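The chain contents come next:
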Amino acid sequence: MKSLFLFVALFLFVSEAFAASPGETIYKANCEMCHGSSGAGDGPVGKALNPKPANYKNVFKAYKNKEALKTHIMDILEKGKPGTPMASYRTMPLKEREAVADYLITTHTNFKGK
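Residues numbered from 1 in each chain as written. Predicted model: local features only at pLDDT ≥ 70, side-chain atom pairs only at ≥ 80, totals over all residues. Heavy atoms only, no water.

Asker: What is the right way to look at the packing of helix H5 (residues 66–79) against helix H6 (residues 94–108) in this model?
Answerer: Each packed pair of helices is defined by two parameters, the angle between the axes and the distance between the axes. One can describe the packing of H5 onto H6 by two numbers: an axis separation of 10 Å at closest approach and a directional angle of 130°. Taken together, the axes of H5 and H6 are oblique relative to one another. Crossing geometry of H5 relative to H6 is assigned as right-handed. Together, Lys66, Leu69, Lys70, Ile73, Met74, Leu77 and Glu78 of H5 and Leu94, Arg97, Glu98, Val100, Ala101, Asp102, Leu104 and Ile105 of H6 make up the contact between the two elements. Of the residues belonging to the contact of H5 with H6, the class tally is nine nonpolar, no polar and six charged. (Axes fitted to C-alpha atoms, helices over the stretch in contact; angles between N-to-C directions. Helix = DSSP H or I, 4+ residues; strand = E, 2+ residues; numbered from the N terminus. Parallel < 35°, antiparallel > 145°, perpendicular 65-115°, else oblique. Left-handed = near helix turned anticlockwise from the far one by under 90°. Contact = heavy atoms within 4.5 Å. Nonpolar A, V, L, I, M, F, W, Y, C, P; charged D, E, K, R; others polar.)

Written out as structure tokens, the structure is:
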């Protein structure tokens, strides 16, 4: 019985460690179709758009600090990008937009820490 408990505890611990973050889950549901899994703007829908979705790697490298980049991402999520297919996500709760911004910064930049 003790080994079964240890197995279940280890399974739950490992599962939690590999679980998607809230930002990743929201990104996959709302953004990946256009921006792609790597953020290169090559998602299945994005390939057909004109202009093409932003390639995060190109956009993000212009920012020298995390705070300025997060402000930029939050602004785009709030307002969209006029003249492009990028819609506003202002109806998405602020906490969810922040989770997406944090996910993008964590996965597509070299910024460390909070």
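Asker: I'm lost on the pattern of salt bridges in this one. Help?
Answerer: Two side chains of opposite charge can pair, provided their charged atoms sit close to one another. With the rule as written, the count across this model stands at six salt bridges. Among the ionic pairs, glutamate 32 bridges to lysine 28, the shortest N-O distance being 3.6 Å. A relative accessible area of 42% means that lysine 28 is categorised as partly exposed. Counted as one network, the salt bridges with shared partners bring together Glu24, Lys28 and Glu32. (Salt bridge = Lys/Arg side-chain N within 4 Å of Asp/Glu carboxyl O. Buried < 20%, exposed > 50% of the residue type's maximum accessible area, 1.4 Å probe, protein only.)

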